[in-house]
Amino acid sequence: MTHVSPAQKQSPKALYGGTSSRRVTVRDLAAAKERGEKWPMLTAYDAMTASVFDEAGIPVMLVGDSMGNCHLGYESTVPVTMDEIALLSAAVVRGTKRALVVGDLPFGSYQEGPVQALRNATRLVKEAGVGAVKLEGGERSAHQIDLLVQSGIPVMAHIGLTPQSVNAYGGYPVQGRGEEAAQQLLRDAKAVQDAGAFGVVLELVPAELAAEVTRSLHIPTIGIGAGAECDAQVLVWTDMAGMTGGRVPRFVKSYARMREVLGDAARAFAEDVVGGAYPAEEHSFH
């Protein structure tokens, strides 16, 4: 059952629970910030999963380079290529009708500078049909964001813990702890806003600092491990649905046990085949 607030029920413009069937745009996200409306974002990497989330009313989907960890078998997001992002972004676009689809720019696709960033972002817009792109970095990525926005490509920024820098971090530590680090994160947030980003992901940031960033910006913040005061929240869908094996980050809440469900289904199928129960007469042709 879908649960929405009374205000959302009265507003056809609500990002989640509204009645509009057209594609969500970055202007809708800006309007939601003005209304104080919170909204959800999930990752998606294929047309079928994306269609399920679209039917569930998820207004924004990120084709994240997290595909490296949860779909492509890599140990981090670093090896993900533009070809892989473009292929799966196109699938997600085909599987959706309403959601704003945001394609990630993978490691090595924008760090050389604005011209490289524009070339690869243009590819995602033209070939995959995404409505926006996302890239990591605050002040260091401001020039890339500026050129993309001036060229007509909406940009979602990503600061705090930036997973593409895992080798530099030596892991996935919380960012923004301590006065100097907090001030740098605030500068990064202002820099991406000033460069024209329509929103910014805050990953692994102390909740109090994320709340301060959210109050100080006129663009929406999207939290992941950044507390409850962000304008939106995002999770990797395999974490959200309980598909991920082993340990998951502290900030993850699993809303289903899909790994267990899928495993049970596979074992039941295997037992039917081995025992001769499948295919039965109703599954056969004559």
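Residues numbered from 1 in each chain as written. Predicted model: local features only at pLDDT ≥ 70, side-chain atom pairs only at ≥ 80, totals over all residues. Heavy atoms only, no water.

## Comments concerning the sheet that holds strand E1 (residues 39–43)
Phase 1: Spatial ordering of the closed barrel is given by E1-E2-E3-E4-E5-E6-E7-E8, a layout of eight strands whose pairing is parallel. Averaged over all pairs of adjacent strands, the angle between strand axes in this sheet comes to 25°, irrespective of strand direction.
Phase 2: Direction of pairing for strand E4 (residues 132–136) relative to strand E5 (residues 155–160): parallel, over a ladder of four bridges. Residue pairing for E5: Lys-134 is matched across the bridge by Met-156.
Phase 3: Relative to strand E2 (residues 60–63), helix H5 (residues 82–94) is tilted by about 155°, and along the sheet it contacts E2 and strand E3 (100–104). (Pairing = 2+ DSSP bridges. Helix = DSSP H or I, 4+ residues; strand = E, 2+ residues; numbered from the N terminus. Axes fitted to C-alpha atoms, helices over the stretch in contact; angles between N-to-C directions. Contact = heavy atoms within 4.5 Å.)

## Some words on helix H2 (residues 26–35)
Phase 1: The complete set of buried residues in H2 reads Asp-28, Leu-29, Ala-32 and Lys-33. What you see down the axis of H2 is that its buried residues fit within an arc of 145°, all on one side. Exposed side chains of H2 directed beyond 90 degrees from the buried face belong to Arg-27 and Glu-34.
Phase 2: On the buried face of H2, the contacting elements are E1, E2, E3 and helix H10 (207–216).
Phase 3: Gly-36 sits one or two residues past H2 and shows a positive phi near 75°. (Buried < 20%, exposed > 50% of the residue type's maximum accessible area, 1.4 Å probe, protein only. Arc of directions from axis to C-beta.)

## Focus on the pattern of salt bridges
Phase 1: One pass over the full model with this rule turns up eight salt bridges.
Phase 2: The salt bridge involving Glu-260 is made with Arg-257; its shortest N-O contact spans 2.8 Å.
Phase 3: Looking at Glu-260, the relative accessible area reads 40%, which means it is partly exposed.
Phase 4: Through salt bridges that share partners, Asp-83, Arg-123 and Glu-127 make up one connected network. (Salt bridge = Lys/Arg side-chain N within 4 Å of Asp/Glu carboxyl O.)

## Here's the deal with the side chain of Glu-203
Phase 1: Here Glu-203 lies in strand E6 (residues 199–203).
Phase 2: Despite being buried, Glu-203 has no salt bridge partner; Lys-134 is the closest side chain of opposite charge, sitting 6.6 Å away.
Phase 3: Ignoring sequence-local partners within four residues, the contact set of Glu-203 consists of His-158, Ile-159, Gly-160, Leu-161, Pro-163 and Ile-224. (Lys, Arg positive; Asp, Glu negative; His and termini not counted.)

## Structural notes on helix H12 (residues 258–275)
Phase 1: A rise of 1.5 Å per residue sets the reference length of H12, with its 18 residues, at 26 Å; its end C-alpha atoms lie 25 Å apart and thus fit the reference within 8%.
Phase 2: Backbone geometry just downstream of H12 places Gly-276 in the positive-phi region, at approximately 85°. (Expected span 1.5 Å × (residues − 1).)

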